[in-house]
Amino acid sequence: MTTTSRVIVLGAGIGGLTLALELHRSGIDCVVLEAAPRLGALGVGINLLPHATRNLARLGLEDDLAAAAVTTRESAFFNRFGQLIAREPAGRFAGYPWPQFSIHRGDLQQVLLRAVRDRLGPDAVRLDHRAVRVIQDRSSATAHVRHEDGSTSEVRGDIVVGADGVHSAVRAQLHGDTAVPRYTGYMMWRGTTVWPRFLTGASMVRAGWLATGKMVIYPIRDDVNAQGDQLVNWVAEVEGPMLDARDWNRPGLIEDFIGPFADWHFDWLDVPAMIRAAEEVLEYPMVDQDPLGHWTDGRVTLLGDAAHPMVPRGSNGAAQAILDAGALAAHLAAIGDPYRALSAYEAERLEATSRVVLTNRVNPPDALLREVFDRTGDRPFEDIADVMTPEEISRFGESYRDVAGFSLTALAQP
Ligand SMILES: Cc1cc2nc3c(=O)[nH]c(=O)nc-3n(C[C@H](O)[C@H](O)[C@H](O)COP(=O)(O)OP(=O)(O)OC[C@H]3O[C@@H](n4cnc5c(N)ncnc54)[C@H](O)[C@@H]3O)c2cc1C
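Because the structure is a prediction, the values reported are computed rather than measured.

Let's talk about the packing of helix 8 (residues 338-362) against helix 10 (residues 390-404)
For step 1, the next point in the chain: Helix 10 packs onto helix 8 with a crossing angle of 150 degrees between their chain directions and a minimal axis gap of 9 Å. By the criterion of interaxial angle, the relationship of helix 8 to helix 10 is roughly antiparallel. On the side of helix 8, the interface is formed by R355, V356, T359 and N360, while helix 10 contributes Y400, V403 and A404.
For step 2, the next point in the chain: In terms of residue class, the contact of helix 8 with helix 10 is built from four nonpolar, two polar and one charged.

Section: the packing of aromatic side chains
For step 1, the next point in the chain: Within the structure shown, the criterion is met by eight aromatic pairs.
For step 2, the next point in the chain: Look at F198 and W268: their rings are 6.5 Å apart centre to centre, the planes differ by 40 degrees, and that puts the pair in the tilted class. Remark: W268 occurs in the loop between strand 17 (230-239) and helix 6 (271-276) and F198 occurs in the loop between strand 14 (182-195) and strand 15 (203-209); sequence separation between them is 70 residues.
For step 3, the next point in the chain: Look at F198 and you get buried, because its relative accessible area is 3%.
For step 4, the next point in the chain: The exposure class assigned to W268 is buried, which follows from its relative accessible area of 13%.

Re the sheet that holds strand 4 (residues 45-48)
For step 1, the next point in the chain: Overall, antiparallel pairing links the three strands, which are arranged 4-8-5 in an open sheet. On the outer flanks of this sheet lie strand 4 and strand 5 (70-71), each paired with one strand and no other.

Observations regarding the pattern of salt bridges
For step 1, the next point in the chain: All chains considered together, the criterion is met by 19 salt bridges.
For step 2, the next point in the chain: Measuring nitrogen to oxygen at the nearest pair gives 3.7 Å for the salt bridge that ties E22 to R25. Here E22 pairs with R25, and both are found in helix 1 (residues 14-25), just three residues apart, close to one helical turn.
For step 3, the next point in the chain: For R25, a relative accessible area of 48% corresponds to the partly exposed category.
For step 4, the next point in the chain: The salt bridge involving D222 is made with R197; its shortest N-O contact spans 3.6 Å.

Side note on the sheet that holds strand 15
For step 1, the next point in the chain: Strands sit in the order 7-6-15-16-17-14-18 across an open sheet of seven strands; the sheet is mixed. Edge positions in the sheet fall to strand 7 (84-89) and strand 18 (280-288), since each of these pairs with one other strand and no more. The sheet shows a mean angle of 20 degrees between the axes of neighbouring strands, taken without regard to direction.
For step 2, the next point in the chain: Direction of pairing for strand 14 relative to strand 18: antiparallel, over a ladder of eight bridges. Within the sheet, the bridge partner assigned to M188 lies in strand 18 and is Y284.

Comments concerning the site of the ligand
For step 1, the next point in the chain: Of all residues adjacent to the ligand, which total 30 residues, the nearest are G15, E34, V44, R190 and D305.
For step 2, the next point in the chain: Note that an oxygen atom of the ligand is positioned 3.3 Å from one of the backbone N or O atoms of I14.
For step 3, the next point in the chain: Here an oxygen atom of the ligand sits 2.8 Å away from a polar atom, N or O, in the side chain of R105.
For step 4, the next point in the chain: Surface burial for the ligand is 87%, taken as the share of its 920 Å² of free accessible area covered by protein chains.
For step 5, the next point in the chain: Of all the secondary structure elements, the ones that give two or more residues to the shell around the ligand are helix 1, strand 4, strand 10 (130-136) and helix 7 (317-334).
For step 6, the next point in the chain: Here the shell around the ligand is built from residues that sort into 13 nonpolar, eleven polar and six charged.

Description of the pairing of strand 11 (residues 141-146)
Side-chain positions along a regular strand alternate between the two faces of the sheet.
For step 1, the next point in the chain: Bridging between strand 10 and strand 11 involves six bridges; their strand directions are antiparallel. Paired with Q136 across the two strands is A141, which belongs to strand 11.
For step 2, the next point in the chain: A loop of four residues connects strand 10 with strand 11, the two strands running antiparallel in sequence.
For step 3, the next point in the chain: Both strand 11 and strand 12 (residues 152-157) contribute to a ladder of six bridges, which runs antiparallel. Within the sheet, the bridge partner assigned to A141 lies in strand 12 and is G157.

Thoughts on the side chain of T72
For step 1, the next point in the chain: Of note, T72 is situated in the loop between strand 5 and strand 6 (74-78).
For step 2, the next point in the chain: Residues in contact with T72, not counting those within four places in the same chain, are N47, A90, F93, Q100, F101, S102, A202 and M204.

Overview of helix 2 (residues 50-58)
For step 1, the next point in the chain: The complete set of buried residues in helix 2 reads P50, H51, A52, T53, N55 and L56.
For step 2, the next point in the chain: Note on helix 2: the residue one or two positions beyond its end, G60, has a positive phi of about 80 degrees.

Structural notes on unusual backbone geometry
For step 1, the next point in the chain: The residue D128 is not glycine, and still its phi comes out positive at about 55 degrees.
For step 2, the next point in the chain: Take D128: it is sitting in the loop between strand 9 (125-126) and strand 10.
For step 3, the next point in the chain: In the Ramachandran plot, L199 falls in the positive-phi region, its phi being about 50 degrees despite a non-glycine side chain.
For step 4, the next point in the chain: Inspection of the secondary structure assignment puts L199 in the loop between strand 14 and strand 15.
For step 5, the next point in the chain: Residue L199 is classed as partly exposed on the basis of its relative accessible area of 33%.

Criteria and thresholds
Residues numbered from 1 in each chain as written. Predicted model: local features only at pLDDT ≥ 70, side-chain atom pairs only at ≥ 80, totals over all residues. Heavy atoms only, no water. Axes fitted to C-alpha atoms, helices over the stretch in contact; angles between N-to-C directions. Helix = DSSP H or I, 4+ residues; strand = E, 2+ residues; numbered from the N terminus. Parallel < 35°, antiparallel > 145°, perpendicular 65-115°, else oblique. Contact = heavy atoms within 4.5 Å. Nonpolar A, V, L, I, M, F, W, Y, C, P; charged D, E, K, R; others polar. Phe/Tyr/Trp six-rings, centres within 6.5 Å; stacked < 30°, edge-to-face > 60°. Buried < 20%, exposed > 50% of the residue type's maximum accessible area, 1.4 Å probe, protein only. Pairing = 2+ DSSP bridges. Salt bridge = Lys/Arg side-chain N within 4 Å of Asp/Glu carboxyl O. Near = heavy atom within 4 Å. Polar contact = N/O pair within 3.5 Å; in protein donor to acceptor, adjacent residues only side chain to side chain. Areas by Shrake-Rupley, 256 points an atom, 1.4 Å probe, with all protein chains shown as cover.

Listed below in structure tokens is the structure:
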């Protein structure tokens, strides 16, 4: 069976669903094909920085996101002894016109999915539609789809967008075997724990350094029980061999990684106790891929992780997919010809996202922790002022904000 739609979006992840909402806002017809037969609450925490929340607020989603998320107040950096290195206000608390949200990936996906179904109709997202190949000719592009029962179907449109994540079938078709994962040398164990509020109750914490074990910890749901506890997301990052291939849902074992964090009993948080009380633990290698030379082939293009998988060290994986979606919809609305619109989209986004991929490798915001680790020889300090000046500290955040496109100056521009 063949059905038609102007834009065919492959993947109902964060980027694909945002694109559907952006296209709808621009009056462009689309359909979203998703491989999974159901969309469960998969993943753990994601941070949405103000450049992403600006776009989501423009789509009318700020209130729904605020209800599901924790509105982040600050980013705080500690060494592995629990000593404070720096605190920086976040989102509106830093003077941005938009908030920063810390949110469960499943909650973010549900907010987007509900909005897509409300606005585009209940059939706008077709589950159990795994794209296996895209074929195009001079007048159309067709996604060939396989269903769980082994049957197949086709959906034809003007354009196909591969928003199908790190294992993108569309990227594989466009680039063959050249887009291979690149392991950084660090494994990540991610989990969520119901836990009492710590620090401001809305602090995004980065602590320690990769060589001896680093953690990222932040709450993603408020008031999850009668005691007013939160759901806290944490990621432990530890140097070592790559244990497994990329699988977002692979369970992990606490004993495989707790060693470096076993004595992290801080007066503001008992880290090993929080880890041991986890609801679930997932294991994932810290990998990215070298930036691609092109994303677009005629009527077919890529978006989000399919186009630019990056290491999660700057809270920009979801954000850059959300920015891609805004840019693609704007070019399709402004330029009737699909070939020129996709080229304009690629010209705007490929280089910008490549810079983020490469900066995340060497100088993401947590490079501040590396600098303190190096200068102190991984020992406690008397006073952070003996280690670094406030100007030096603030330069780390500023340079990353410039590269990733969310400096206050950049977001002040219309
Ligand atoms: C199950 C899962 C859990 C994740 N957990 C986290 C997390 O905890 N923290 C974090 O920072 N990031 C997580 N991510 C990645 C994060 O969502 C992305 O880095 C980011 O949001 C960019 O979104 P995206 O839309 O490009 O990709 P994704 O959000 O990964 O979405 C891709 C979508 O495409 C679908 N898909 C894949 N192949 C096909 C196909 N052939 N045809 C049709 N559909 C297809 C997938 O099922 C998925 O729904 C997770 C991704 C997934 C899929």
